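# Structural overview for review
Residue-level listing of the chains:
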Amino acid sequence: MATWLDLDGLAAHLKLPKSTLYKLVNRGHLPGHKVGRAWRFDRDEVDLSIKAARKGPFSEKGIDDNLRDNPKTAS
């Protein structure tokens, strides 16, 4: 059975600020489901997504570096 978390719960689970989570979800790096105006997250789905991203947005430079806007790629 899925364990659903709201944004506060996910922030506590991942030990990340909510602003970082908003960026990750909006850029498609974390799976989230919008229910009305609120975000809901399946904890297991998020954990699997992070583990799968070891060679993606979470690797090498780290989360913070990958969240910064890159002026070379901005359109």
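This text follows the structure it describes.
Residues numbered from 1 in each chain as written. Predicted model: local features only at pLDDT ≥ 70, side-chain atom pairs only at ≥ 80, totals over all residues. Heavy atoms only, no water.

### Observations concerning the packing of helix H1 (residues 7-14) against helix H2 (residues 18-26)
- Two elements in contact, H1 and H2, have axes separated by 9 Å at closest approach and are oriented at 100 degrees. By the angle between their axes, H1 is roughly perpendicular relative to H2. Contact residues: H1 offers Leu7, Asp8, Leu10, Ala11 and Leu14, while H2 offers Lys18, Leu21 and Tyr22.
- Looking at the contact of H1 with H2 residue by residue, the classes come out as six nonpolar, no polar and two charged. (Axes fitted to C-alpha atoms, helices over the stretch in contact; angles between N-to-C directions. Helix = DSSP H or I, 4+ residues; strand = E, 2+ residues; numbered from the N terminus. Parallel < 35°, antiparallel > 145°, perpendicular 65-115°, else oblique. Contact = heavy atoms within 4.5 Å. Nonpolar A, V, L, I, M, F, W, Y, C, P; charged D, E, K, R; others polar.)

### Considerations on the pattern of salt bridges
- For the coordinates displayed, the defined rule picks out one salt bridge.
- Its salt-bridge partner being lysine 18, residue aspartate 8 comes within 3.1 Å of it at the nearest N-O pair. With aspartate 8 in helix H1 and lysine 18 in helix H2, the pair connects residues that are 10 residues apart, well separated along the chain. (Salt bridge = Lys/Arg side-chain N within 4 Å of Asp/Glu carboxyl O.)

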